[in-house]
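If you want the building blocks of each chain, they are given just below.
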Protein chains: 2
Amino acid sequence: MLPRSYESQRCSIAKTLEIVGDRWTMLVVREAFWGTRRFEHFQRNLGIARTVLTDRLGRLVADGLLCKRRYQEHPERFEYRLTEKGIDLWPVLMALLTWGNRHAIEGPPPVVVFHRECGGGVDDRRMCMRCGAALGPYDVRGRFADPADGHPVIREPRAS
Amino acid sequence: MLPRSYESQRCSIAKTLEIVGDRWTMLVVREAFWGTRRFEHFQRNLGIARTVLTDRLGRLVADGLLCKRRYQEHPERFEYRLTEKGIDLWPVLMALLTWGNRHAIEGPPPVVVFHRECGGGVDDRRMCMRCGAALGPYDVRGRFADPADGHPVIREPRAS
């Protein structure tokens, strides 16, 4: 197993990968972007083992990418929302999505991100290909192909 | 250990992380961008165990992100160059770098990327902040702080 630090590396990429380099971690962040906040919903949407999810959510809170809030008292229940530091990962997610659509997926892309306001596609600099606007995470929606019935599902990032 | 695939996930991000989600893999790609081609140089620049490096280079070749070329016959020696698929990871690296400089590194950023032609800084959409040009990987240079003597080292991506 890899150590969690790279001693000889004072490198922003290496440091970032120490925090979010774990694959499940990045998928938890992806889910948080699409508005998922509750443990059960992360679990259902990711199909991830509960122990692994508990660990990754805990690390993301410890690293300041998610904050944990109680939303119910009896019994006590918590939800997880992206902090500003977490929201700033949006360009990383979009870059991974763009590369994956081009090189890692066969057939049509499972998610197409588009500009909420005008419906234009989003280019690899996160600019709207129709109106030219520079887009932030809350300016877009995602059209998800649903393998079950073929009807797309629209999701949008939820502001924390 | 995580499985290398996420069955329930037809997702471009998940698929991309299956290929490049390993942290050393991404650092090998980073080095390849900055012109490193030979085993010994990857090894020296990354401070990575030879067995791990052999494994990661092999996977990157198998996944089509690097190509392996013989540059010497006696004894046989190979070098590794990014393919187009590998070069397309540049936006991912830049997004990781930008996030890391902002959130993961204390003090001045260890690498500053700038537009080769006019010297302008690069924003988080990979546009030149001075002249406004949309930048590709071969339009930039990196200024690396050298912890040994304090003098910066300039590196630039080498086209394959």
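Residues numbered from 1 in each chain as written. Chains lettered and ligands numbered in written order. Predicted model: local features only at pLDDT ≥ 70, side-chain atom pairs only at ≥ 80, totals over all residues.

**Re the pairing of strand β3 (residues 111-115) of chain B**
Residues and elements named next belong to chain B. Extensive coverage of β3 is indicated by the burial of four of its five residues. With five bridges joining them, β3 and strand β4 (residues 140-144) adopt antiparallel strand pairing. Residue pairing in the sheet places V112 in a bridge with R143 of β4. (Buried ≥ 20, exposed ≤ 12 C-beta atoms within 10 Å, placed from the backbone. Helix = DSSP H or I, 4+ residues; strand = E, 2+ residues; numbered from the N terminus. Pairing = 2+ DSSP bridges.)

**Describing the interface of chain B and chain A**
Taken residue by residue, the interface counts 44 residues in chain B and 44 residues in chain A. Contributions of two or more residues to the side of chain B that touches chain A are made by α1 (12-20), α2 (23-33) and α6 (90-103) of chain B. With twelve residues, the top contributor of residues to the side of chain B that touches chain A is α6 of chain B. Taken together, the residues that form the side of chain B that touches chain A break down as 25 nonpolar, nine polar and ten charged. (Contact = placed C-beta atoms within 7 Å. Nonpolar A, V, L, I, M, F, W, Y, C, P; charged D, E, K, R; others polar.)

**A look at the domain arrangement of chain A**
Residues and elements named next belong to chain A. What the domain assignment lists for chain A is domain 1 (12-86) and domain 2 (89-155). Averaged C-alpha coordinates put domain 1 and domain 2 at centres separated by 22 Å. Contacts between the two partners involve seven residues from domain 1 and, on the opposite side, six residues from domain 2. The leading source of residues in the side of domain 1 that touches domain 2 is helix α2 (residues 23-33), at three residues. Residue classes in the side of domain 1 that touches domain 2 are distributed as four nonpolar, two polar and one charged. (Domains from an automatic or database assignment.)

**Some thoughts on the environment of M94 of chain A**
All names here are of chain A. Inspection of the secondary structure assignment puts M94 in helix α6 (residues 90-103). Since 24 C-beta atoms lie within 10 Å of it, M94 is described here as buried. Note: C-alpha distance between M94 and V122 (28 residues apart in sequence) is 9.5 Å.

**Brief notes about the relation of the copies chain B and chain A**
Superposing chain B onto chain A takes a rotation of 180° plus a shift of 0.0 Å along the axis, which leaves an RMSD of 0.0 Å. Taken together, the rotation and translation relating the two chain copies correspond to the operation of a two-fold axis. Residue R125 of chain B, judged by its C-alpha, is the member of chain B lying nearest the rotation axis, at 2.4 Å. Most of the interface of chain B is mirrored in chain A, where 100% of its interface residues again form contacts. (Least-squares fit on C-alpha atoms with pLDDT ≥ 70 in both.)

**Some remarks on the environment of L53 of chain B**
Residues and elements named next belong to chain B. Structurally, L53 is set in helix α4 (residues 50-62). Owing to 17 C-beta atoms within 10 Å, L53 belongs among the partly exposed residues under this scheme. Separated by 28 residues in sequence, L53 and T25 have C-alpha atoms that sit 8.6 Å apart. Filtering out sequence-adjacent residues up to four positions away, L53 remains in contact with F39, F42, Q43 and I48.

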